[in-house]
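Reading the structure
Residues per chain, in single letters:
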Amino acid sequence: MTRAGVRNLAARTWSGHRLFLIVLTPAVLLRVDAELGYRWQAWFNDSFQYVQNAVHFHLDPTRVSGYSMWLWVLEPLHSYAVVTILQHLMGLAVAVMIYALARHRFGAPAWLATLATVPVLYDGFQIQLEHLIMADVPFLFLLTLAVTLLLWDPVPSLCRCVVIGALLGLAEIFRSVGLPLLAVFAVYMIIRRISWRKVAATIVVCLIPVFGYAGAFYAAHGQFAMTNSTGVFLYSRVMTFADCAKMTVPPNELSLCTTVPPDKRPIAQAYIWTPESPLDRFPPTKFSPVPNQLAENFAIRAIEAQPLDYARAVFDDTWRVFAWKRVIFPNAPTYDEYIFGYRSLPIPAWDLGPHGSYAAAYAQGNPLTQVVSPFATIIRGYQRYAWLPGTGYGLILLAGLGGLVLAWRRFGGEALLPWTISLALIVIPAATAEFDYRYVLVAVPFACLAAAMAFSPGTAGGELARRLGKRRQRAGQAADVVPAGEKAAAAARGSGHDERDLAADGT
């Protein structure tokens, strides 16, 4: 492209998307500040396991290892800066995709499309999540790209459906919540009357990396599965209420029972990670086929015997998402890892490897986060005040739901897909494990996209907004119109007042 062509393209982009570009620029600068202030990564307690698995290329039995594979691909660069810069770019790309969909495909006004990107661009916890060595942001990027490709045209091509399936399969090996979302995509495509060949292609291509990963996991751990932890996490979910007196428990599962009353029990995660967990009565490790299967069987019995208690536990953890204030959960050390802190999280003692630790081996240098002022002070202070409260996310979900209800004849229209994904991303963890703040950050962008789509021109929500706007305009015009008779009477009254005033003054 010639220099003149570049200038013309830049001029058209600026004139057509000026508002979004103005909003995007400070968001980029905030991420630059985070990178310079916390060089070159932030650590979460799971981060070290991801890195360790990348260095010696091991499929983790606890969680899917797609993110470790991604780190392994980048390992020759020996730089955490590359990892986090790419993740910051992914976060910005998510905002660009939301804006592009709302503007290009659904004709949303610039202010609405731009507003839909503000939470992902400016939430301080979102920026910190992008800076963590964690799988959530690549997962969000892959899922958003799949949604964008599916919604970009009214009828996606077969080739595009193949790509969508591949993206969903990759997302599943980054986070296990990805596989249930395949059902969301498939049902949506059926509702939209997309041909069965395209639906089948999406499903089959999605399952190729999933089955490939399961086959590799079988070779490594002797189990055709994605992890050896599904049952363990479901067991932790039910142990906040499970009562063995209400269940028929076989002898080989009796050791999983507890005599602690439900109202005295700790949070769900304690039944995985603390020594008091009944799972630790099995020989190490709990993340192996036999304990995992026994835990899953026990959990299913508990759910069948106490369905209302299970529903209450899922509801409570889902409702926790919508609180106005963030509270310390699940505990202070974990909560602090979601905040830009004053110092680096220390390398755990168990992370022993080449160069002293696997974290050091990956970078071939010092793996501790270097906290550098004034950049760190700026982003730390920013995160303290700039974030989307859970209640705000709930209102965005409600706005999207309102648009879906208005379009009920079309099963909610195309906004149904991102809205359902957003809801699923908070309900599935609550149903299978436990609430976590970082899961909410991944769900928010889809709710924002759904709300923008549901009230764009040409939708039932957009038509309602247009009618309300016209009604308000007419009401304002009517208030400005004063009948001629009233004007004459007012003038006469004003003249009379003037004459009386003059007489009173003796003039």
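The preceding data block contains the structure.
Computed from a predicted structure; not experimentally measured.

About the cut-offs
- Residues numbered from 1 in each chain as written.
- Predicted model: local features only at pLDDT ≥ 70, side-chain atom pairs only at ≥ 80, totals over all residues.
- Heavy atoms only, no water.
- Helix = DSSP H or I, 4+ residues; strand = E, 2+ residues; numbered from the N terminus.
- Buried < 20%, exposed > 50% of the residue type's maximum accessible area, 1.4 Å probe, protein only.
- Contact = heavy atoms within 4.5 Å.
- Areas by Shrake-Rupley, 256 points an atom, 1.4 Å probe, with all protein chains shown as cover.
- Axes fitted to C-alpha atoms, helices over the stretch in contact; angles between N-to-C directions.
- Parallel < 35°, antiparallel > 145°, perpendicular 65-115°, else oblique.
- Nonpolar A, V, L, I, M, F, W, Y, C, P; charged D, E, K, R; others polar.
- Phe/Tyr/Trp six-rings, centres within 6.5 Å; stacked < 30°, edge-to-face > 60°.
- Lys NZ or Arg CZ within 6 Å of the ring centre and 35° of its normal.
- Core = buried A, V, L, I, M, F, W, Y, C linked by side-chain atoms within 4.5 Å.
- Disulfide = S-S within 2.5 Å.

A tally of helices and strands in the protein chain yields 24 helices and two strands. Expressed as lengths along the three principal axes of its C-alpha atoms, the size of the protein chain is roughly 110 × 65 × 60 Å. By the burial criterion, 50% of the 507 residues in the protein chain qualify as buried. The long-range share in the protein chain, meaning contacts at least 24 apart out of those at least 6 apart in sequence, stands at 77%. Summed over all atoms, the accessible surface of the protein chain reaches about 24,000 Å², with 66% contributed by carbon and sulfur.

For the rest of this paragraph, the subject is the packing of helix α11 (residues 178-191) against helix α12 (residues 196-221). Contact geometry of α11 with α12 gives a least axis separation of 10 Å together with a crossing angle of 170°. One finds that α11 runs roughly antiparallel with respect to α12. Residues Leu179, Leu182, Ala186, Met189 and Ile190 of α11 lie in contact with α12, whose contacting residues are Lys198, Val199, Thr202, Ile203, Cys206, Leu207 and Val210. Grouping the amino acids of the contact of α11 with α12 by side-chain chemistry returns 10 nonpolar, one polar and one charged.

Moving on, we come to the packing of aromatic side chains. One pass over the full model with this rule turns up 22 aromatic pairs. Feature note: the residues Trp43, Phe48, Tyr80 and Tyr362 constitute an aromatic cluster, connected by ring pairs. One cation-aromatic arrangement involves Arg63 over Tyr50; the distance from NZ or CZ to the ring centre is 5.8 Å. The residue whose ring lies beneath Arg320 is Phe329, and the NZ or CZ to ring-centre distance is 4.2 Å.

Counting residues in each nonpolar core, the largest one holds 116 residues, and the members touching the most others are Leu121, Phe185 and Leu425. Every residue in contact with Leu121, bar those within four places of it in the chain, is listed here: Phe20, Val23, Leu24, Ala27, Arg31, Leu92, Ala95 and Ile127. Grouped together as the second largest cluster of nonpolar side chains are 28 residues, Phe282, Leu294, Phe298 and Ala302 included.

For the rest of this paragraph, the subject is the packing of helix α13 (residues 230-238) against helix α21 (residues 416-432). Where α13 contacts α21, the two axes come as close as 7 Å, and the packing angle between them is 85°. When the axis of α13 is compared with that of α21, the two are roughly perpendicular. Residues Phe233, Leu234 and Arg237 of α13 pack against Ala430, Ala431 and Thr432 of α21.

We now examine the environment of Gly16. Within the secondary structure, Gly16 is located in helix α1 (residues 3-16). Residues Gly16 and Ala270, spaced 254 residues apart in sequence, show a C-alpha to C-alpha distance of 52 Å. Leave out the neighbours within four places in its chain, and Gly16 touches Tyr99 and Arg103.

Time to look at the state of the cysteines. Per the counting criterion, the structure on display carries one disulfide. Each sulfur of the disulfide joining Cys244 and Cys257 lies 1.9 Å from the other. Across the S-S bond of Cys244 and Cys257 the torsion is about -100°, and the bridge reads as left-handed. Taken together, the residues span a long stretch of sequence, with Cys244 in the loop between α13 and α14 (270-273) and Cys257 in the loop between α13 and α14 at a distance of 13 residues. Taking relative accessible area as the criterion, Cys257 reaches 15% and is therefore assigned buried. The thiol of Cys159 is unpaired, and the distance to the nearest cysteine sulfur, on Cys161, comes to 9.3 Å. Assessed through its relative accessible area of 0%, Cys161 is described here as buried.

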